[in-house]
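Tertiary structure, described
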Amino acid sequence: MKDFSIYENMLDDKQYHELRSDLLEKNTADIAQLLEHIPVDKAVLIFRMLPKNMAAEVFADLFSDVKQSLIERLSDTEIHFIIEELFLDDAADFIEEMPATIAKKVLANAKPETREEINRLLKYPENSAGSIMTVEYVDLKREMTVRDSFERIRKTGTDKETLYTCYVTDSERRLEGIVTAKTLMLSERDDVIGDIMDDDGIIVAETLEDQEEVAFKFNKYDLLSIPVVDSERRLVGIITVDDIADVVQEEATEDFEKMAAMLPSEKPYLKTGVFRLFKNRIGWLLFLMISGMGTGLILQSFEHALVAVPLLVTFIPMLTDTGGNAGSQSSTLIIRGMAVAEISLHDFLKVAWKEIRVSFLAGVVLSMVAFLRVFLMNMNDPEVYIKGAVISLTLIFTVFIAKLCGCMLPMLAKKVKIDPAVMAAPLITTIVDASSLLVFFSIAKLLLNI
């Protein structure tokens, strides 16, 4: 972590001019990091030194708890400038994550038209395209000339999210085409927008479309922004690549937490309280522990086999670990493949057949190594070949079951509208552990007559 004490010392020594000059040369993301790591009273002083437009950019990059602390200490005038300088999508996100009292205080200091736009964005379902879009875009008309377009961009572009892509709409705001800044700059001044715009196969997002689907479109078509339309193809906003970068990070973090058998957390680890971390984990831990008791019941029911053939006990950890690892490999690949749209539910049989073949090859190799280990360590045992066969056959079946569970369960979860990440390593390991023990003792009972 960077040493931020130098800025605190400058505040203590009242070196305000030098501090402000230093801040003006920094990136807003770095300033936001500074404010998050110093006492809030000093953070407020530094925040007040920033120019209005720069302060708004810094504010957008802050964690929600720091935003709340600042708002509680800023005057109504300062809050007004912040909310008016923020892009509307950032303002809506900020309002959504704040307590009701803070949200009311902020909205009360916004202009009526700003308040109306923020409330409209807040009405869209969480994680939908409408909830992450901004309504600040450049719109043009097809009858405009390039000269007219540049005049409009100069007049309205200051407060727009992006100027690179402009959107051509009709009198009812229906999207007709797009034109890029590159196209405008390379065209003649008297060229008409309707003649130079791109109106073929425009990639759009619908307001209620899931944000993950929008992120997939950005990745597939290499987009910098995407228009968001309603059911009648009226342009209601745009989503830019920086917003999608945040979505990708949020979704990846959520999937990692689910795959580790935890409830997703909205805050960074160091800013999440101990009790919240406990609550996010204890539910799954209890479920997995209770599920794991089934493994104990299986061992208990075959207790006589363990007494008769003690060698079997020494191989139980290896079998369960191998099964868990094999299942984890498959589930990780399948979950990742579905996340990036490489694998769909229509590929179920293809995936299953491929994993069956992989499991056979892996199972044979592992069983050969295990058989060799049994033979070398128990050469004087008259039943060494039978015991080796028990271990080897169990490994083949265990890997087969694990690979099949690892590929099938995430896809079945997707089918019933459950996040596939839930069907990850911890849950699959629990299922495979019980299955491998049942197979193990069944084969041992059959071959060793116990």
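Please read these numbers as outputs of a predicted model, since none were measured by experiment. (Residues numbered from 1 in each chain as written. Predicted model: local features only at pLDDT ≥ 70, side-chain atom pairs only at ≥ 80, totals over all residues. Heavy atoms only, no water.)

1. A word on the sheet that holds strand S4 (residues 205–206)
- If you walk across this open sheet you meet the three strands as S4-S5-S6, and the pairing is mixed. Of all strands in the sheet, those bounded by a partner on one side alone are S4 and strand S6 (235–240).
- By the bridge criterion, two bridges tie S4 to strand S5 (residues 225–229) in an arrangement that is parallel. Of the residues in S5, the one forming a bridge with Ala 205 is Val 228.
- Helix H15 (residues 211–221) rests against S4, S5 and S6 of the sheet, and its axis sits at about 140 degrees to S5. (Pairing = 2+ DSSP bridges. Helix = DSSP H or I, 4+ residues; strand = E, 2+ residues; numbered from the N terminus. Contact = heavy atoms within 4.5 Å. Axes fitted to C-alpha atoms, helices over the stretch in contact; angles between N-to-C directions.)

2. Quick look at the nonpolar core
- Formed by 60 residues in total, the largest nonpolar core has its most connected members in Leu 35, Phe 47, Phe 59 and Ile 239.
- Beyond its immediate stretch of four places on either side in the chain, Phe 59 contacts Phe 47, Lys 67, Leu 70, Ile 71, Ile 82, Leu 86 and Phe 94.
- Membership of the second largest hydrophobic core comes to 23 residues, among which are Val 384, Ala 434, Val 439 and Ala 444. (Core = buried A, V, L, I, M, F, W, Y, C linked by side-chain atoms within 4.5 Å. Buried < 20%, exposed > 50% of the residue type's maximum accessible area, 1.4 Å probe, protein only.)

3. A short note on the pattern of salt bridges
- Per the stated rule, a full pass over the model turns up 17 salt bridges.
- The residue Glu 176 makes a salt bridge to Arg 142 at a minimum N-O spacing of 3.7 Å. Linking Glu 176 in strand S3 (residues 175–180) with Arg 142 in the loop between strand S1 (139–140) and helix H12 (146–156), this pair joins segments that are 34 residues apart in sequence.
- For Asp 381, the salt bridge is made with Lys 387, and the minimal N-O distance between the two is 2.6 Å.
- Connected through shared salt-bridge partners, Glu 8, Asp 12 and Lys 42 make up one network. (Salt bridge = Lys/Arg side-chain N within 4 Å of Asp/Glu carboxyl O.)

4. Re the layout of surface pockets
- Considering only enclosed or pocket space, the second largest pocket measures out at about 580 Å³ in volume.
- The wall of the second largest pocket is formed by 24 residues, among which Glu 212, Glu 213, Met 338, Lys 414 and Pro 420 lie closest to the centre.
- Of all elements in the fold, only H15, helix H16 (241–259), helix H19 (311–339) and helix H21 (384–415) reach the threshold of two or more residues within the lining of the second largest pocket.
- By residue class, the composition of the lining of the second largest pocket is 12 nonpolar, three polar and nine charged. (1 Å grid on protein atoms, 1.4 Å probe; cavity = no way out; pocket = protein on both sides within 12 Å on 5 of 7 lines; lining within 4 Å. Points joined across faces, edges and corners; volume = space filled by probe spheres on them. Nonpolar A, V, L, I, M, F, W, Y, C, P; charged D, E, K, R; others polar.)

5. Observations regarding the pairing of S3
- Across five bridges, the pairing between strand S2 (residues 165–169) and S3 is antiparallel. When the bridges of S3 are listed, Thr 165 appears paired with Thr 180.
- Here S2 hands over to S3 after five residues, with Arg 173 in that stretch at a positive phi of 70 degrees.

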